[in-house]
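The chain contents come next:
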Amino acid sequence: MEIRAGLSHALGAAQTALERAQQEETAAVAHWERVSGAATTRRRKLAAARDERIREIDTWHDTELAALAGAAAAAADRAAPGAAGELWHSWEPTPLNRAAELRVGRLLLPEAPVPHPERTRRPDGPWAGAPGATRDSEPEPAPLADEAPPEVPALVRLLDHGHIVVSGDQRIGDDVVAGLLLRALGTSAPGAVQLVGYDPEHLGGGLAGFAPLAPAGVLTFAGPQDLGPLLDGLVGHVRRINETVLAGEYTSLRELHAATRRRPEPWRVAVLLGAGELSKHERSQLDRLLRSGAACGVHLVIRGLAVEPVPGVEFITAAPGDRARVSGAGDLPVRLDPGPLPTVLTATCRQIAEAVAAGPAPVALDSLLPEAGTEWRESSSAALTAPLGDSPQGARVLVTLSDYPPHALIAGPSGTGKTNFIYAWMGALAARYSPAELAFYLLDFKEGVSFARFAPGRRDPSWLPHVRLVGVNVNTDREFGLALLRFLSGELRRRADAAKQHEVTNLAELRAEDPEGVWPRIVAVVDEFQVLLSGRDAVAAEAVDLLEDLARRGRSQGIHLILASQDVSGIEALWGRPALVAQFSLRIALPRARRVLAETNMAADSLPRYHAVVNADSGAAEANRVVRVPAAGDRDQWSALQHRLWRRRPPEQGPPRLFDGDVVPRLAESPDFRGLRPSESPAAPIALLGETIDVTARSARTVLRRAPGRNIAVLGTRLDEACAVLATAGRSLAAQFTPEGARFSVVCLDPDARAAAEALHARIPECGWYDGENVDWLLEDAAAEATAAWPADRPHFILIYAADALPGGRAAAEQLRTVLRQGPERRLHVLGWWRGAGLLRDSLGGHASRTDAIGAWVALDVHGSELSPYYPGAGAPNWYPRPWRALHFDRSVHRGAEVIIPYGTS
């Protein structure tokens, strides 16, 4: 029983344990199933996350690679703009203002699939620009799916940087060399790149496409045995650049160009197409050029010659397809461009050759000017110094006017830039010296208005503040040139008197002793001055005498002459006086100028355009300095300078006096006429007759005082000019009286002059009108007035149009003679127009009669020989009629007659 009870108990315990174990088994199986399911789910989630992350990384990589390719392409476009990087099918020359990198092909970057248009950078996602990175700014959208990946060109540096060595396939290498050279030529100004070819294997055939450059000197060839001399010449050139151009101030021509905006030397590219085995000397010279040539603008393009890698040398391995390499691109493969199209190459070379043959383009006027804001800081006390341009070696050429050299002579045939040279010189001086330091007097004898831009005009009211006088279109008014010389002679006397007063000898000492005085240096520019000296008359004789005196004594008083001419070989009046010519020690010869330099000095014969020979030693060959003159004739460039200086002018500085020989002056603009004021009874009324040809724009005048002969006769058949002179005289006299202060009578005896006479009659208040019907009343009254015992209580002025047509026969003529002879003493004056000098003589009583009743006359189209009866002495005035010019003589004040311009009738 006990056994059975134990067994039963054990059986029950075993069953309990079994049930518990079965329960634990069931729980374990359920737990395992749960863990296994969770693991499977986790693996699926991790795989999905991994795949998503890989996709994000791929997308980022593709987008960033495309962006980097785009940035590289944009950088290449900036480094190689225009002709430096344009493909050949659309290529054309585009000169740049700096040396650019040159395209040789395109880089083969790792492929960058363009992202789908829906894939954009999201700043709020798990990836924003780079794996694990975040962006604060708005992301850029990815490129559209249909966009092609940007092409990144392969670039190399040549000009201003280094040298290029091409190896590998010969045909492809020739194409690379041709493309490099054409791009270098196309990105620079014509003539700025000079090529030297050495091709012993093909005897120049490797550069056959560039043959059109040879006649213009842009391309030269060295013979098969001339490699040594070629390298020696280039090394010598580098040495010269270092010694004379850079001169220790700059380390390279590139640095000089960046600092001064000037490139005084062209680039020289030596193309060495195979050379075989080099001698020790040739290898040494080649190494020198590889080390130091680029800084001096000497560059080598080498094919078929072993060169060791050194800094500044770019290596190109030419190969077809994707096997080409460029050392600057590292290990990236390069696909080289084909060679330039033959038609493009030939056309470009011909275009460059034509431009070089036409001459180099001038530099800008700004290259002569000081920095903006630094103008007018120089003192002219001792001299006037300014740059005129650059020498062929790059140095500035300074020109000085002082005690030595005091004066300048400029010569150059038409079209060689004489006027442009004068503009450049004036601009350089005007920008450095203020109007208190420098004054210009400008005269142009040729037909044109070259100097008119310096005076205010209708389009531009500004003027150059330094200019005091401008004379244009004076080719027929040599008297104006003489008036300028007379004015300068008077200024010389004034300065000499001041120097004596202060006990000094020159301008610098005078300015030191008299700091309050105004003593600017005077520069008188006379273009085509030979017109003034032409002929064998009194004008030429006096002009030469004045020139000689000014040239000899003006230097010490700061008066400088600049005489310019197209050709000075035929000026007898100048070359006949060696003492005068010797004073012009500063000689400036433009291309093909004759006789301005010494007889044996032929430097001007080979000058290109925009160049000049400046010689401060009377033309001796050893004193030659060649200067490249900037373009100063451009109106926009000059206007910018003139306006800048005009805005800085002193408040008291007025516009210059402008004399234009083609413009008829107006009475209303005459300072003398504007200064007339009415008076009850002026003691000596003044009759204005026209404008004198002189510097101060004064009016020609005759004083009608109470004295015998104070009448005025206008002689000639020119109706308009005669009417203008009478109108000027009548209006000027009327302006000096109140309406009751004087009596005026207008007599018109020529129907053609009636309109002009009526216009004058309308302008003068209380003026009487007479014609052929009633002139006898006036003559009878005037004759009685002229023979009265006492003078009239007020002046009476009789203006007669066509006095030689006076009706009434002998009685009327006798009455007129009575008025002419006795009237002026009784304040009765005749201002008449006679249509010929002989007709006036008839009115005075015939050939045997006296002519002193006419104290002043104005001759129009009357020859000088006809005026001898009215001229003092036995001779006659030297006068040949010219349109709208007259000869004025007043026996009470004049030693000789003066040329005047009648005021216009408008």
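Residues numbered from 1 in each chain as written. Predicted model: local features only at pLDDT ≥ 70, side-chain atom pairs only at ≥ 80, totals over all residues. Heavy atoms only, no water.

**What about the confidence of the model for the protein?**
Here comes step 1: Across the protein, pLDDT averages 88, with 94% of residues at or above 70.
Here comes step 2: A low-confidence stretch, residues 112–146 (pLDDT under 50), is modelled with 52 contacts involving residues beyond four sequence positions or located in other chains. (pLDDT = per-residue confidence, 0-100. Contact = heavy atoms within 4.5 Å.)

**Quick word on the sheet that holds strand 29 (residues 856–859)**
Here comes step 1: Spatially, 23-22-31-30-29-24-28-27-25-26 is the arrangement adopted by the ten strands of the open sheet, whose pairing is mixed. With partners counted over all chains shown, the strands left at the sheet margins are strand 23 (699–703) and strand 26 (767–770), one partner each. Within this sheet the neighbouring strands show an average axis-to-axis angle of 25°, counted without direction.
Here comes step 2: Strand direction decides the pairing type here: strand 22 (residues 686–692) and strand 23, joined by five bridges, are antiparallel. Each bridged residue has a counterpart across the sheet, and for I686 the counterpart in strand 23 is V703.
Here comes step 3: Helix 18 (residues 775–786) rests against strand 25 (743–748), strand 26, strand 27 (796–801) and strand 28 (828–834) of the sheet, and its axis sits at about 140° to strand 25. (Pairing = 2+ DSSP bridges. Helix = DSSP H or I, 4+ residues; strand = E, 2+ residues; numbered from the N terminus. Axes fitted to C-alpha atoms, helices over the stretch in contact; angles between N-to-C directions.)

**Let's talk about the pattern of salt bridges**
Here comes step 1: Applying the stated criterion across every chain, the model contains 46 salt bridges.
Here comes step 2: In this structure, D160 engages R263 in a salt bridge whose closest nitrogen and oxygen atoms are separated by 3.2 Å. Here D160, found in the loop between strand 2 (153–156) and strand 3 (163–168), pairs with R263, found in the loop between helix 4 (253–260) and strand 6 (267–273); they are 103 residues apart in sequence, far enough to count as distant.
Here comes step 3: Given the relative accessible area of 24%, R263 is considered partly exposed.
Here comes step 4: In this structure, R486 and E542 form a salt bridge, with 2.9 Å as the shortest nitrogen-oxygen distance. (Salt bridge = Lys/Arg side-chain N within 4 Å of Asp/Glu carboxyl O. Buried < 20%, exposed > 50% of the residue type's maximum accessible area, 1.4 Å probe, protein only.)

**Notes on the packing of helix 8 (residues 478–501) against helix 11 (residues 538–553)**
Here comes step 1: Contact geometry for helix 8 and helix 11: axes closest at 10 Å, N-to-C directions at 35°. Along this stretch, helix 8 crosses helix 11, giving a crossing that reads as left-handed. Between helix 8 and helix 11, the residues in contact are R478, L482, L485, R486, L488, S489 and L492 and V539, A540, E542, A543, L546, L547, D549, L550 and R553, respectively. (Left-handed = near helix turned anticlockwise from the far one by under 90°.)

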